[in-house]
Amino acid sequence: MSWQPLLRKYQEFLPINEQTPILSLHEGNTPLIEAKQLSKELGIRLFLKFEGMNPTGSFKDRGMVLAVTKALEEGNKTVICASTGNTSAAASAYAASAGMDSIVVIPDANIALGKLAQALTYGAKVISIKGNFDDALDIVREISKQEAYTLVNSVNPYRIEGQKTAAFEIVDELGFAPDYLAIPVGNAGNITAYWKGFKEYKEAGKMSSLPKMLGFEAEGAAALVKGEPILHPETIATAIRIGRPASWNGAMNAVQESQGVIDSVTDDEILEAYQLVARKEGVFVEPGSAASLAGIFKKWREGYLPKGSTVVSVLTGHGLKDPNIAVQTVNTKPTIVENNYDAVLQAIQSLTER
Ligand code: F0G
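Cut-offs applied
- Residues numbered from 1 in each chain as written.
- Predicted model: local features only at pLDDT ≥ 70, side-chain atom pairs only at ≥ 80, totals over all residues.
- Heavy atoms only, no water.
- UniProt positions renumbered as here; feature names shortened; annotations may be inferred.
- Near = heavy atom within 4 Å.
- Polar contact = N/O pair within 3.5 Å; in protein donor to acceptor, adjacent residues only side chain to side chain.
- Areas by Shrake-Rupley, 256 points an atom, 1.4 Å probe, with all protein chains shown as cover.
- 1 Å grid on protein atoms, 1.4 Å probe; cavity = no way out; pocket = protein on both sides within 12 Å on 5 of 7 lines; lining within 4 Å.
- Sits in = over half its atoms within 2 Å of the grid points.
- Helix = DSSP H or I, 4+ residues; strand = E, 2+ residues; numbered from the N terminus.
- Nonpolar A, V, L, I, M, F, W, Y, C, P; charged D, E, K, R; others polar.
- Salt bridge = Lys/Arg side-chain N within 4 Å of Asp/Glu carboxyl O.
- Buried < 20%, exposed > 50% of the residue type's maximum accessible area, 1.4 Å probe, protein only.
- Phe/Tyr/Trp six-rings, centres within 6.5 Å; stacked < 30°, edge-to-face > 60°.
- Lys NZ or Arg CZ within 6 Å of the ring centre and 35° of its normal.
- Domains from an automatic or database assignment.
- Contact = heavy atoms within 4.5 Å.
- Buried area = accessible area lost by both parts, 1.4 Å probe.

Going by the annotation in an unreviewed UniProt entry, the name recorded for the chain is Threonine synthase, with Tepidibacillus decaturensis given as the source organism. The UniProt entry for the chain carries the following text under Pathway (unreviewed entry): "Amino-acid biosynthesis; L-threonine biosynthesis; L-threonine from L-aspartate: step 5/5." Recorded in UniProt under Sequence similarities (unreviewed entry), the annotation for the chain is "Belongs to the threonine synthase family."

The following block contains the structure:
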């Protein structure tokens, strides 16, 4: 089939019509990569839904393309969001492509370098607060009530509508629903969106069974697991450094209805999964994304995942988003040598001997 914008492809499931001025930066249609080596090691069929392949490098593009399209359709001129980084990159990119302005409010010192570079380069007005994501979201929610700015955080229902298309793609590609879908959880919009997508696709007769939803928070930001908000969330996975998830009910509903689990993973587990998926499968993701895979490893160790089951790990963002963590985590450095054949050859030999 020839290429279609995401919103057209799944139009029948989305709040748009032929007149809607749909935007597209070629979001969606991301690869579902078979994790051959990890599948063999774990005795399951593991697939990686690599959302880092979206135009701004994260799954946020699916929801943002719809949220900004609807803002444009409604005649709005400016979008606003709070963000741990990826939402701000997506909002500012789609606003730019729509000829709109964007305002983003981010937590000071806790946003990955690549994401900040994106927001600034796409032309957002970037405001950094001495607070965390939850504080920033409170503020932009209030401002968007007073001013003529469209709030494009996932409390905007169009964000969830757009993001559910990833569930459709997984089913279209596999031909059936996976047994388990593992996903990182921060503000909890994405797990809510996937579950909505799976249910709608089943209702439309596109699949017969629903997956169990496995949501994974970072341990220092595991409000849903602990059952209470966390005022000072902490994790190396800054994307999901969120203590008061806005879609709390959506996430808990997804887990309960699907008979899945909500669990947490430590920063060490996240970084281990982060390195393993790069080294064993050639897929470079950001730390927050690796929470889903870290969660799969944890559940596998607990004996929770039956042999041979089909498991999809949603890898939400690209590794290039956070180059600092990459360089800090990998405990090897380039070997620096003189500019000549012998020196390079000698260095290669000593490296390959190890
Ligand atoms: N993974 C990545 C890479 C993210 O950027 C986020 C959220 C999540 C997972 C969690 O998704 O919030 O729907 O549960 N990032 C938001 C942001 C909060 O501002 O970019 P969620």
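### Observations regarding the site of the ligand
Around the ligand lies a shell of 20 residues, among which S83, T84, N187, A188 and T316 are the nearest. A distance of 3.0 Å is found between a nitrogen atom of the ligand and a side-chain nitrogen or oxygen belonging to K60. Considered on its own, the ligand offers 480 Å² of accessible surface; in the complex 99% of this is hidden by protein. According to the grid-proximity analysis, the pocket containing the ligand is the largest cavity. Looking at the shell around the ligand, the elements with two or more residues in it are α4 (86–98) and α9 (189–203). Per-class residue counts for the shell around the ligand are seven nonpolar, eleven polar and two charged.

### Quick notes on the pattern of salt bridges
Here the structure, examined in full by the defined rule, presents 19 salt bridges. Notably, a salt bridge pairs E41 with K280, separated by 2.9 Å at the nearest N-O pair. Taken together, the positions of E41 in helix α2 (residues 36–42) and K280 in helix α12 (residues 267–281) put the pair 239 residues apart, joining distant regions of the chain. One salt bridge connects E286 with K115, and the closest N-O pair in it is separated by 2.7 Å. With E286 in the loop between α12 and α13 (287–301) and K115 in helix α5 (residues 113–122), this pair connects stretches of sequence that are 171 residues apart. The pair formed by E286 and K115 is uniform in burial state, with each residue classed as buried. Taken together, the shared-partner salt bridges connect K49, E51, R62 and E169 into one network.

### As for the packing of aromatic side chains
Throughout the structure, instances matching the rule amount to seven aromatic pairs. With 6.3 Å between their ring centres and 50° between their planes, Y274 and F284 make a pair best called tilted. Residue Y274 is located in helix α12, and its partner F284 is located in the loop between α12 and α13; the two are separated by ten residues in the primary sequence. With relative accessibility at 3%, the residue Y274 sits in the buried group. Counting every residue linked through ring pairs, the aromatic cluster contains Y10, F13, F168 and Y201. Residue placement shows K299 over the ring face of Y304; its charged tip is 5.6 Å from the ring centre.

### Concerning the domain arrangement of the chain
What the domain assignment reports for the chain is domain 1 (6–58 + 157–329) and domain 2 (59–151). The C-alpha centroid of domain 2 is placed 21 Å from the C-alpha centroid of domain 1. Facing the 48 residues of domain 1 at the interface are 38 residues of domain 2. For the domain 1 and domain 2 pair, buried surface summed over both sides reaches about 3500 Å², with 56% attributable to carbon and sulfur atoms. Sorting the residues of domain 1 by area buried against domain 2 places L23, Y158 and R159 first, and these three jointly supply 20% of that buried surface. At the junction of domain 1 with domain 2, the criterion picks out five salt bridges. When the shortest N-O distance is used, the salt bridge between E169 and R62 registers 2.8 Å. Across the domain 1-domain 2 interface, the total number found is 23 residue pairs in polar contact (both at pLDDT 80 or more).

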